[in-house]
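# Coordinate analysis (summary)
One-letter residues, chain by chain:
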Amino acid sequence: MSSIKTTSSSRLFTVGLVSAWYSSNIGVLLLNKYLLSNYGFKYPIFLTMCHMSSCALLSYIAIAWMKMVPLQTIRSRVQFVKISALSLIFCASVVSGNISLRYLPVSFNQAIGATTPFFTAVFAYLLTLKTEAFLTYITLIPVVTGVVIASGGEPSFNLFGFIMCIGATAARALKTVVQGMLLSSEGEKLNSMNLLLYMAPIAVILLLPATMYMEENVVGITIALARQDFGIVWLLLFNSSLAYFVNLTNFLVTKHTSALTLQVLGNAKGAVAVVVSILIFRNPVSVTGMAGYTLTVIGVILYGEVKKRSAK
């Protein structure tokens, strides 16, 4: 009887984790879109800096105070330089993604984001000369074709936003490949929570001069906005906290589910985000655009299946 209760509690815990993962991921995406596009807060670099500041503070609380995971220390200057390089790529990815949300609807943003496997395969070959099975490359054809079709059928297409979103997706894939290269030895490997603990403060240092130069007087403008509508402060605080919880729940879901479950949930998450964003923002969608996105998702699912079988 106790084993049945334990299994039931475990399932409930996993469902709760997945729900929190979905809510934080989709929530931060929709809030970013609302702030940068609908609310008119046109400062994506400052917003990213808020996210990174929150991640730095909450990571320290979670690891140093709450002991959620053991603290892993940086062992050498070389390892620190490697983490700094990853942080720079991470910044480029998040900033580009936030900029793209000013110009593109979330649904189209997610369609482009689904092409990450394509860029991962390209960078893996360019940087490590790692080749995949021929069938793996075949599955990438619908991934790319779907985005081409979706772009042609997107009523709200914006070239600058499209370029920024492609840049964000490419940078996300580059970080994955570079992380595998730089932190490959056992002595240098860090779990995602500890990696965020070190990357986030470095990201804040990198983003601060960029914010001051490219988004002049943003702090003064935000204070002036807060005097008119204090709600912006709560929105920024909630949004920044959610950005940390995306990373926390991603770590916990990875820890408590299988790789296959994570893959299936990840594919479904993009589709859920698209549906929710269309319902909330009422952005126009076309049959061609949705057909293109569907083709991309099918390609990503096939890619995952082929990769799983070739790994056996």
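So, here is what we can say about the structure in this document. Note that the structure is predicted; figures quoted are calculated from it, not measured. (Residues numbered from 1 in each chain as written. Predicted model: local features only at pLDDT ≥ 70, side-chain atom pairs only at ≥ 80, totals over all residues. Heavy atoms only, no water.)

## Examining the packing of helix α4 (residues 106–113) against helix α7 (residues 159–182)
Keep this limit in mind: A fitted line through C-alpha atoms represents every axis, and for helices the fit uses only the stretch in contact; the resulting angles, taken between N-to-C directions, go from 0 to 180 degrees. Counting from the N terminus, the helices are DSSP H or I runs at least four residues long and the strands are E runs at least two residues long. Angles below 35 degrees are treated as roughly parallel, those above 145 as roughly antiparallel, those between 65 and 115 as roughly perpendicular, and all remaining angles as oblique. Crossings are assigned a handedness: left-handed for a near helix turned anticlockwise from the far helix by less than a right angle, right-handed for a clockwise turn. We call two residues in contact whenever any of their non-hydrogen atoms come within 4.5 Å of each other.
As a packed pair, α4 and α7 sit with axes 9 Å apart at the nearest point and diverge in direction by 40°. With respect to their mutual orientation, α4 and α7 come out oblique. Where α4 crosses over α7, the two elements pack in a sense that is right-handed. Contacts from F108, N109, I112 and G113 in α4 reach F162, C165, I166, T169 and R172 in α7.

## So, the side chain of S151
Counting through the fold element by element, S151 comes out in helix α6 (residues 134–152). The contact partners of S151, leaving out residues within four places of it in the chain, are F108, F157 and F162.

## So, the packing of helix α2 (residues 44–65) against helix α8 (residues 192–214)
Let me state the cut-off plainly: Amino acids are sorted into nonpolar (Ala, Val, Leu, Ile, Met, Phe, Trp, Tyr, Cys and Pro), charged (Asp, Glu, Lys and Arg) and polar (every other residue, Gly among them).
α8 packs onto α2 with a crossing angle of 150° between their chain directions and a minimal axis gap of 8 Å. Looking at the two axes, α2 sits roughly antiparallel to α8. α2 and α8 meet at a crossing whose hand is left-handed. Residues belonging to the contact of α2 with α8 are distributed by class as follows: 20 nonpolar, 5 polar and no charged.

## With respect to α6
Condition: A helix's residues, less one, multiplied by 1.5 Å, set its expected span. Classification of residues uses two cut-offs on accessible area relative to the type maximum, computed with a 1.4 Å probe and protein chains only: under 20% is buried, over 50% is exposed, and between them is partly exposed.
For α6, built from 19 residues, the straight-helix expectation of 27 Å at 1.5 Å per residue is met to within 8% by its first-to-last C-alpha distance of 28 Å. Of the positions making up α6, those classed as buried are T136, T139, L140, P142, V143, G146, V147, A150 and S151.

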